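Observations on the model geometry
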Amino acid sequence: MTYPSPPEQPSYPPAPVFGAQAQPTRLRGRLPRLLGWIFLGVGVAAIVAGAIVLGTKSFGKVNGFQRVPVATGGTVQLNGTGKWVIYLEDPNVDSLDRIPFTVGVRGPSGSPVPAVYYGNPGVGDKVKRFTYDYNGHHGVAAYQFTANTPGRYAIQVGQVEPQFSGAHLAIGRDITTSTVAGALLVVFGVVLAIVAVVLLIVGYVKRGRHKRELRSGPPGWGAPAPGWAGGPPGYAAPGYGQQPGYGQQPGYGQQPGY
């Protein structure tokens, strides 16, 4: 005697893998975060380097300049050779469009030393303008000269405009190059830091979104597979535990004559 076959079991999607068999998931936004931290480190280093240059090679030297009154002039002790700059220090130097005085320099032997406008090979208005405002000293580069030997140099001032008669002259090394270099380093570092912050924000936003997606599971997880309507007709119908005629076939418990 033959028996009807049990209904065919429906196919289900494979169960998710947990525990030791689960593969690690790389969160999105890793590249922007990595670049952001790199840029931030380089930017901070550039800002620190620029501040060191400004503090030691540039503005930090202003306090050490030797000064003489514009009204009387004076002598300064130069301990090195090469280029020296004469700065005019006064609160109103920002309004200058030309040098408001003349200057003469004499070396240790008493011989005159040529002095020219700062950054200007000829005469007349300045071609190159450089000002500083540091620790109460507000100055502008006015003249430059070359010292061939160390020693005492006399600074003689003439034709001073009345509004600058109370000003001072500061004699020191040229700090233009180091100031520009330090400022560029600081600006470069600030720009890198801004870019780094933007990249970090983008990276961590992507990372957070990906984490939320992983916690909520894949789209549609837990819902029936597309097209699944609960199995074939009659599969979940009442009486599944006992199909009519399946548990007890007619005459199966007692065969005639057995």
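To start, this report covers the structure provided alongside it. (Residues numbered from 1 in each chain as written. Predicted model: local features only at pLDDT ≥ 70, side-chain atom pairs only at ≥ 80, totals over all residues. Heavy atoms only, no water.)

1. Considerations on unusual backbone geometry
Glycine aside, residues mostly have negative phi angles, and peptide bonds mostly take the trans form. The backbone phi angle of asparagine 135 is positive, close to 55°, even though this residue is not glycine. A relative accessible area of 55% places asparagine 135 in the exposed class. Despite not being glycine, glutamine 159 shows a phi value in the positive range, around 50°. Relative to the assigned elements, glutamine 159 resides in the loop between β9 (151-158) and β10 (168-172). (Buried < 20%, exposed > 50% of the residue type's maximum accessible area, 1.4 Å probe, protein only. Helix = DSSP H or I, 4+ residues; strand = E, 2+ residues; numbered from the N terminus.)

2. Details of the nonpolar core
If you look at the biggest cluster of nonpolar residues, it comprises 26 residues, and the most contacted ones within it are Ile86, Leu88, Ile155, Leu169 and Ile171. For this core, the elements supplying multiple residues, two or more each, are β2 (74-78), β3 (82-89), β4 (102-106), β8 (137-147), β9 and β10. Considering every element that reaches this core, the biggest residue donor is β8, with five residues. Tyr118, Phe130, Tyr132 and Ala170 belong to the second-largest nonpolar core, a separate cluster that totals ten residues. (Core = buried A, V, L, I, M, F, W, Y, C linked by side-chain atoms within 4.5 Å.)

3. Considering a positive patch on the surface
Judged by side-chain charge, Arg209, Lys211, Arg212 and Arg215 come together as a positively charged surface patch. Looking at the secondary structure, you find arginine 209 in helix α2 (residues 176-216). (Patch = residues over 30% accessible without salt bridge, like charges linked within 9 Å, V, L, I, M, F, W, Y side chains within 5 Å. Areas by Shrake-Rupley, 256 points an atom, 1.4 Å probe, with all protein chains shown as cover. Salt bridge = Lys/Arg side-chain N within 4 Å of Asp/Glu carboxyl O. Lys, Arg positive; Asp, Glu negative; His and termini not counted. Charge placed at Lys NZ, Arg CZ, Asp CG, Glu CD.)

4. Points about α2
With 41 residues, α2 extends 60 Å between its outermost C-alpha atoms, agreeing within 8% with the 60 Å of an ideal straight helix rising 1.5 Å per residue. All of the buried residues along α2 are Thr176, Ser178, Thr179, Gly182, Gly189, Leu192, Ala193, Ala196, Leu200, Gly203 and His210. Contacts made by the buried residues of α2 are with α1 (30-58). (Expected span 1.5 Å × (residues − 1). Contact = heavy atoms within 4.5 Å.)

5. What to know about the side chain of threonine 176
One can find threonine 176 in helix α2. Side chain to side chain, threonine 176 and aspartate 174 meet in a polar contact 2.8 Å long. (Polar contact = N/O pair within 3.5 Å; in protein donor to acceptor, adjacent residues only side chain to side chain.)

6. Some words on a nonpolar patch on the surface
Judged by side-chain polarity, Leu31, Leu34, Leu35, Ile38, Val42 and Phe188 come together as a nonpolar surface patch covering roughly 530 Å² of accessible area. Ranked by the residues each element gives to the nonpolar patch, the list is headed by α1, at five residues. Inspection of the secondary structure assignment puts leucine 34 in helix α1.

7. Quick look at the sheet that holds β2
Paired through backbone hydrogen bonds, the strands of a sheet run either parallel or antiparallel to each other. Spatially, four strands are ordered β2-β9-β4-β5 in an open sheet, and the strand pairing comes out antiparallel. On the outer flanks of this sheet lie β2 and β5 (112-113), each paired with one strand and no other. With two bridges joining them, β4 and β5 adopt antiparallel strand pairing. Each bridged residue has a counterpart across the sheet, and for arginine 106 the counterpart in β5 is proline 112. (Pairing = 2+ DSSP bridges.)

8. Overview of the packing of aromatic side chains
The geometry of an aromatic ring pair is captured by two quantities: the separation of the ring centres and the angle between the planes. Counting across every chain of the model gives six aromatic pairs. Judged by centre distance (5.0 Å) and plane angle (10°), the ring pair of phenylalanine 65 and tyrosine 87 falls under stacked. In this pair, phenylalanine 65 is assigned in the loop between α1 and β1 (66-69) and tyrosine 87 in strand β3, connecting sequence segments 22 residues apart. Taken as a pair, phenylalanine 65 and tyrosine 87 share a single burial class, namely buried. (Phe/Tyr/Trp six-rings, centres within 6.5 Å; stacked < 30°, edge-to-face > 60°.)

9. Re the pairing of β4
The two faces of β4 differ: Val103 and Val105 on one face are buried, but Thr102, Gly104 and Arg106 on the other face are not. Sheet topology places β4 next to β9; five bridges connect them, and they run antiparallel. Along β9, the bridge assignment pairs valine 105 with isoleucine 155. The turn joining β4 and β5, which pair antiparallel and follow one another in sequence, is formed by five residues; a positive phi near 90° is taken by glycine 110.

10. So, the environment of glutamate 161
By the secondary structure assignment, glutamate 161 is in the loop between β9 and β10. Classification of glutamate 161 as buried rests on a relative accessible area of 19%. For glutamate 161 and isoleucine 99, which are 62 residues apart along the polypeptide, the C-alpha to C-alpha distance reads 9.5 Å. Here glutamate 161 is in contact with Arg98 and Pro100, once residues within four sequence places are set aside.

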